[in-house]
Amino acid sequence: MKIEEKLSLLNYKTDRSYAHITIDPDICATCPDHFCVFACPANCYTLINGKLNFKYEDCVECGTCDIACSHGSVKWTLPKGDNGVIYKYG
Amino acid sequence: MSEFDVIVIGAGPAGSSAAIKLAQGGMNVLLVERGDPPGTKNVSGAVLWGDELSKVVPDWERSAPIERYVTRKEVAFLTEKSKIAISYSSQDLMERKSGKIIVRGKFDQWLARKAKDAGAMLVTGITIDKLVIDGGKVIGVMQDGDVITSDAVIVAEGANPRVLINSGLRPKLSDHDVALGIKETIKLPENVINERFNVDSKGGYASEFVLGFLDDGILSGGFLYTNRDTVSLGIVASLDRLRANGMTHSYDIMGKFEEHPFIKNLIKDGIPDEYAAHLVPEGGLASMPKLYGNGYLVTGDAAMFTFSNGMVLQGINYAITSGILAAETILENKGKISEETLSNYVNKLRNSYVLSDLYTFNGIQNVTWSDFTQKTMPKILDSVMMSMFDERGMPKKHLMQVLSAAVKSNGMKYTELISSGYRMMRKM
Amino acid sequence: MLNIVVMIKQVPDSSEVEIDPVKMTLNRTKARNVVNAADLNALEYALRIKDKVGANITVISMGPPMADAAIIECMARGADRGILITDRAFAGADTYPTGLTLAATIAKLGNVDIVFGGDETTDSSTGHVGPGVAEFLGIDQITYAKEVDYEDGYVIATRDLEDGDEIVKVHTPVLVTVLLNSNVPRHQSLRKKIDAIRKGVESWGINELGLKPEWVGLRGSPTIVRSMKAIKEPEHLHKTITLDKIDEVVADLVSKNIIKVGGK
């Protein structure tokens, strides 16, 4: 099963007014490792033609990218209210 | 005058246990949880070991949503083509009911309900931003600019301790503090689970795996627990090894684990129903934040209270006990909350298994997260087993000769094996 | 000050509801209970009017006792008062007695300027209840509203109709049904949620409303459900299309005559 299919099993309440994680594209443009791409278990970070692409909608709020990024690009907060991933089993 | 006696952040096992104890002691408690209902934000294996919860919910097993009791426990090394396991099945384990396999989505909701029934005010669907510190004393919590005051705060926010970090009470987490856990819940009919895992409908199978087949320096453990009609399958991967590797996606480790021939068979015809990921405290004492301060106490995963020696993975019991001890500390010091009075929390933790286990097994992560344990040992064991069981019509050798050959063929010296093995046994 | 009533319903989260393969009915037991999403959009417009000119917002809901959690959530977002209309006599109601019961509640509250509701619920999707309430109350109604504003005794709303937008201006009292996703509801506040829990949700039954048992619940319902059919779920493609593949996707859609490119 591909990661995209696994993520499609998840239920989210997406906050359209607030992205709880943001990145600084200028920092990412010069990043030598892009470890976030490999660390994130929800495939939120992808490289497209060498450019880092980030989407917060699939985020499972684990916090891994905040640790992974050693260049100060990732700004990490929890979603507001009850938004974000909703686990059935957890 | 504060609005609440105590605010508890997080309605997981630590927070809800603390809230129950405090409410039973007559305190005015606010229990805040960002998941709605509780249990929708956390991820756990999960096996709850022991009976600590009975201290706050007598007869808890009668109403708690328990999936199965562990009757078969395994620890297994997986190499590319083999599985070498220590398997323990026991009627005594069943009778002792020591390991309860639970689904946290149901369990946390049930336990938070107990806190509400005990008299705590349960507020869900709200994320606390940080603690409010005034003149060195924690006087409450902040949410979206609003301050809610309390005499004390119990931090039970889990493995990703944003409140502590935002409040300047612990540094950001690093690769050595936590590992990355990824888990899948797979639907299988109850009778298929019973047959496939050789358990009866109350009994359960819990196994930890060393994933020796992973290459390029990746270190990861695995686990499989049988719920009533689902199976929890997951990995716990080292972040610094993943970083050093630099070319493997974390989710592909999970993919390789579930595609391993021995695992694939166990989950055959299962229907994946959920994918999840969470941080797992692994750093032990070195990663621990300050456990108390003027007006606050830290419990559970937020305090890094987990135990893993390769044979068992525990955390929920540590969370429950630390939550209860934090509540006790506050109850005993009602009206005189200070850094000094709350320091007694640490004494209580030392006198319990929570901190004593962490001291006894200090440094264990250097053994469990080592190439020797995860790569060399499985390979040596595989060579030994293969030599012993593969009958080729040749004269047989003594076990020591077989072992010696296996050690050599894996590029190790005999003395290295003995010293590594001894180090491992000492730490475990 | 304006008096606003927001009608809400607690529904099972539609993304978690499964169809029982044997009984062919919805299995709601496993799903979380949530506030019907369009009702939160309705509440948000009420709160914006409160922010603008000041208002007293009462949230009402007909449902079982556990539906008080949905009302508390609305109060945590800024509503002032919550009333749960709950009585065994109301059980099994279709949209007709539901509208009647809600109208009776609003009539009893009295002096209501604006009544808000989501245009439909995710668990039954009839869209009957809002208009029904307006008819029972004998007040004007604005349906399919995607933008709502208030000025000097008038509600000004943009209605999303099939052939275009229609902007209407209606004097209060008026009932407005609001489209799903027409705004972004504000977050719950801890301060407001604590206050809501302390204040509690009022509970009104058939006696408080002065209704007769034969008017409400199953007895008052003209609808008879003959049978239910489960529609087979279409196969999910699970395809993620990244931007670098967009040309291929467009070419594919053009080749299948689904879209045309470059035509003027």
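Residues numbered from 1 in each chain as written. Chains lettered and ligands numbered in written order. Predicted model: local features only at pLDDT ≥ 70, side-chain atom pairs only at ≥ 80, totals over all residues.

Draft legend 1. The arrangement of the overall build of chain C in detail. A tally of regular secondary structure across chain C gives seven helices and 13 strands. In terms of overall dimensions, chain C has C-alpha extents of about 65 × 50 × 40 Å along its principal axes. Counting all 264 residues of chain C, 39% fall into the buried class. Once local pairs closer than 6 in sequence are excluded, the contacts in chain C between residues at least 24 apart make up 70%. (Helix = DSSP H or I, 4+ residues; strand = E, 2+ residues; numbered from the N terminus. Buried ≥ 20, exposed ≤ 12 C-beta atoms within 10 Å, placed from the backbone. Contact = placed C-beta atoms within 7 Å.)

Draft legend 2. Fine view of the packing of helix 3 (residues 95-109) of chain C against helix 4 (residues 129-137) of chain C. Residue and element names in this part refer to chain C. Here helix 3 crosses helix 4 at 55°, and the two axes come no closer than 8 Å. Judged on the interaxial angle alone, helix 4 and helix 3 are oblique. In this structure, helix 3 crosses over helix 4, and the sense of that crossing is right-handed. Across from Thr 95, Tyr 96, Thr 98, Gly 99, Leu 100, Leu 102, Ala 103, Ile 106 and Ala 107 in helix 3, the residues of helix 4 making contact are Val 129, Gly 132, Val 133, Phe 136 and Leu 137. (Axes fitted to C-alpha atoms, helices over the stretch in contact; angles between N-to-C directions. Parallel < 35°, antiparallel > 145°, perpendicular 65-115°, else oblique. Left-handed = near helix turned anticlockwise from the far one by under 90°.)

Draft legend 3. View of the interface of chain B and chain A. The interface of chain B with chain A comprises 41 residues on the first partner and 29 residues on the second. Of all the secondary-structure elements, those providing two or more residues to the side of chain B that touches chain A are helix 4 (104-118), strand 11 (178-187), helix 7 (239-245), helix 8 (250-259) and strand 15 (271-281) of chain B. Ranked by the residues each element gives to the side of chain B that touches chain A, the list is headed by strand 15 of chain B, at eight residues. Across the side of chain B that touches chain A, the residue classes break down as 15 nonpolar, 16 polar and ten charged. (Nonpolar A, V, L, I, M, F, W, Y, C, P; charged D, E, K, R; others polar.)

Draft legend 4. Just the packing of helix 1 (residues 13-24) of chain B against helix 10 (residues 316-332) of chain B, in detail. All names here are of chain B. Contact geometry of helix 1 with helix 10 gives a least axis separation of 7 Å together with a crossing angle of 35°. For helix 1 against helix 10, the interelement crossing comes out right-handed. Together, Pro 13, Ala 14, Gly 15, Ser 17, Ala 18, Lys 21 and Leu 22 of helix 1 and Ile 316, Ala 319, Ile 320, Ser 322, Gly 323, Ile 324, Ala 326, Ala 327, Glu 328, Ile 330 and Leu 331 of helix 10 make up the contact between the two elements.

Draft legend 5. Fine view of the confidence of the model for chain C. When pLDDT is averaged across chain C, the result is 92; 96% of the residues are at 70 or more. Here the prediction assigns the complex a pTM of 0.93, and the interface score ipTM is 0.98. (pLDDT = per-residue confidence, 0-100.)

Draft legend 6. Quick look at the domain arrangement of chain B. The assigned domain composition of chain B is domain 1 (4-65 + 103-170 + 289-362), domain 2 (178-281) and domain 3 (370-427). Between the C-alpha centres of domain 2 of chain B and domain 3 of chain B the distance comes to 26 Å. (Domains from an automatic or database assignment.)

Draft legend 7. Seen up close, the environment of Gly 72 of chain A. Topologically, Gly 72 of chain A is positioned in the loop between helix 4 (64-68) and strand 5 (75-76). Distance from Gly 72 of chain A to Asp 24 of chain A, taken between C-alpha atoms, is 8.3 Å for residues 48 residues apart in sequence.

Draft legend 8. Representation of the sheet that holds strand 9 (residues 140-151) of chain C in the model. All names here are of chain C. Reading across the sheet, the nine strands line up as 11-10-9-12-8-1-6-7-13 and stay open at both edges, with mixed pairing between neighbours. In the strand order of this sheet, the two ends are held by strand 11 (164-171) and strand 13 (202-204), each with one partner. Across this sheet, the average inter-strand angle for adjacent strands is 35°, counted without regard to direction. Inspection of the sheet shows strand 9 paired to strand 10 (residues 154-161) by six bridges, in the antiparallel sense. Bridge pairing links Ala 145 to Arg 159 in strand 10. (Pairing = 2+ DSSP bridges.)

Draft legend 9. Up close: the pairing of strand 9 (residues 137-143) of chain B. Residue and element names in this part refer to chain B. Strand 9 sits mainly inside the fold: five of its seven residues count as buried. Looking at chain direction, strand 8 (residues 130-134) and strand 9 are connected through five bridges and run antiparallel. Bridging from a neighbouring strand, Asp 134 pairs with Lys 137 of strand 9. Hairpin connection between strand 8 and strand 9: a loop of two residues separates the two successive antiparallel strands, and Gly 135 in this loop has a positive phi of roughly 60°. Linking two consecutive strands that pair antiparallel, namely strand 9 and strand 10 (residues 146-155), is a turn of two residues; a positive phi of about 50° is found at Asp 144 within it.

Draft legend 10. How the structure looks around the environment of Ser 167 of chain B. Residue and element names in this part refer to chain B. Mapping Ser 167 onto the fold places it in the loop between helix 5 (162-166) and strand 11. Overall, the presence of 22 C-beta atoms within 10 Å leaves Ser 167 in the buried class. For the pair formed by Ser 167 and Val 138, sequence separation is 29 residues and the distance between their alpha carbons is 9.9 Å.

Draft legend 11. Inspection of helix 3 of chain C at higher detail. All names here are of chain C. With 15 residues, helix 3 extends 21 Å between its outermost C-alpha atoms, agreeing within 8% with the 21 Å of an ideal straight helix rising 1.5 Å per residue. Within the span of helix 3, buried status applies to Pro 97, Thr 98, Gly 99, Leu 100, Thr 101, Leu 102, Ala 103, Ala 104, Thr 105 and Ile 106. Immediately downstream of helix 3, the backbone of Gly 110 shows phi near 70°, a positive value. (Expected span 1.5 Å × (residues − 1).)

Draft legend 12. A look at the pairing of strand 2 (residues 29-33) of chain B. Residue and element names in this part refer to chain B. Counting buried residues in strand 2 gives five out of five residues, a clear majority hidden from the surface. Burial along strand 2 is two-sided: Val 29, Leu 31 and Glu 33 and Leu 30 and Val 32, pointing in opposite directions, are all buried. Alignment of strand 1 (residues 4-9) against strand 2, held across four bridges, turns out to be parallel. Within the sheet, the bridge partner assigned to Ile 9 lies in strand 2 and is Val 32. Chirality of the crossover, the property in question, places the unit of strand 1, helix 1 and strand 2 among those that are right-handed. (Right-handed = clockwise from strand over helix to strand, strands pointing away.)

Draft legend 13. Main features of unusual backbone geometry. Residues and elements named next belong to chain B. The omega torsion across Asp 36 and Pro 37 is 0°, close enough to zero to call that bond cis. Structurally, Pro 37 is set in the loop between strand 2 and strand 3 (47-49). Omega for the bond connecting Gly 45 with Ala 46 falls within 30 degrees of zero, at 10°, which places this linkage in the cis form. Take Ala 46: it is sitting in the loop between strand 2 and strand 3.

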